[in-house]
Amino acid sequence: MGAHTVAVSRRPSGLARGAVRMLVLIAILAVVLYPLAWMVGTSLKSQPEIASNTGLLPKELTPGNYTDGWNHFDVSFARFFLNSTLVALLTVVGNAASCLVAAYAFARLRFPLRGFWFAIMIGTLLLPQHVLTVPQYILFKQFDLIGGDWPWTYLPLLVPQYLATEAFFVFLMVQFMRGIPRELDEAAKIDGASPFGIFRYVMLPLSRPALVTTAIFSFIWTWNEFFRQLVYISNLEDYTLPVAMTLFIDSSGQSSIGPMFAMSVLSLLPVFLFFVAFQKMLVEGINTSGLKG
């Protein structure tokens, strides 16, 4: 009887703790989502109301901001979406392929000065991107890769991604591959597999979580990247979304805030859909650690 009374008395306190946790999570979620909700609300406000109404909800809906923003320039905003999609998807493919091959070499193969080159690669993480901009620009200029016609104009943005220059992703994959048992490599060697065969049939399937993580971050970072795209892209029809957004504010200080926020809302949709599409694969891969049985 006494034990039953203690259990009953503890139940309300457990429910109270659960309610408190839920309230805290809801409060954190509200803080995180507030900027997004404000941006969506602002995209439906008129120009005068944006300056006077700082609340979330518009007093009068102005859905015309979306059509005005879509057709604001001589080039349709659909072209900017196409350009960003092309650059982001090709970057995902380049980063995933090149970084995986480089990581396999550092994690599994034996070659002279492997530790030295791995340290040099890690050291590039300490270099700010802006420090590399000028020498990279000079190098691409000497190779005549700047200012080409579409889609060749994006070569300065894409070529480095196919040369395993993203040290963060290489390091991520190296650490992941080091967690895969070497007994699998030995078993493949006994079956007559070459180093390429081990990579193709052992490491590649088991590296799926690292590949998905690389794909997600590569897409999001490239989709939102502004500085490098501004440096290498000069023609209006070749602009990507981050660069095109700056055109809503001209040199005289006049701005189209409503259409700009409307296009900002639309530009978030591909990132959201890309993350949702790969989130399940990412979670399943991490839960199984890439190994079955």
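Please read these numbers as outputs of a predicted model, since none were measured by experiment. (Residues numbered from 1 in each chain as written. Predicted model: local features only at pLDDT ≥ 70, side-chain atom pairs only at ≥ 80, totals over all residues. Heavy atoms only, no water.)

## Looking at the confidence of the model for the chain
Mean pLDDT over the chain: 86, with 90% of residues reaching 70 or higher. For the stretch residues 288–293, pLDDT sits under 50, and the model shows 7 contacts to residues farther than four places along the chain or on other chains. (pLDDT = per-residue confidence, 0-100. Contact = heavy atoms within 4.5 Å.)

## Quick word on a positive patch on the surface
Where like charges cluster on the molecular surface, the positive patch consists of Arg110, Arg178, Arg182 and Lys189. Position of arginine 110 relative to the elements: it lies in the loop between helix 4 (77–108) and helix 5 (114–123). (Patch = residues over 30% accessible without salt bridge, like charges linked within 9 Å, V, L, I, M, F, W, Y side chains within 5 Å. Areas by Shrake-Rupley, 256 points an atom, 1.4 Å probe, with all protein chains shown as cover. Salt bridge = Lys/Arg side-chain N within 4 Å of Asp/Glu carboxyl O. Lys, Arg positive; Asp, Glu negative; His and termini not counted. Charge placed at Lys NZ, Arg CZ, Asp CG, Glu CD. Helix = DSSP H or I, 4+ residues; strand = E, 2+ residues; numbered from the N terminus.)

## Section: unusual backbone geometry
Cis geometry marks the peptide bond from tryptophan 150 to proline 151, where omega comes out at 0°. If you trace the backbone, proline 151 turns up in the loop between helix 6 (129–142) and helix 7 (155–158). A positive phi angle, close to 55°, is found at alanine 164, a residue other than glycine.

## Structural notes on the packing of helix 4 against helix 8 (residues 167–178)
Helix 8 packs onto helix 4 with a crossing angle of 50° between their chain directions and a minimal axis gap of 8 Å. For the element pair helix 4 / helix 8, the angle class is oblique. Handedness of the crossing formed by helix 4 with helix 8: right-handed. Here Asn95, Ala96, Cys99, Leu100, Ala102, Ala103, Tyr104, Phe106, Ala107 and Arg108 of helix 4 come into contact with helix 8, specifically with Phe169, Val170, Met173, Val174, Met177 and Arg178. For the contact of helix 4 with helix 8, the per-class residue count stands at 13 nonpolar, 1 polar and 2 charged. (Axes fitted to C-alpha atoms, helices over the stretch in contact; angles between N-to-C directions. Parallel < 35°, antiparallel > 145°, perpendicular 65-115°, else oblique. Left-handed = near helix turned anticlockwise from the far one by under 90°. Nonpolar A, V, L, I, M, F, W, Y, C, P; charged D, E, K, R; others polar.)

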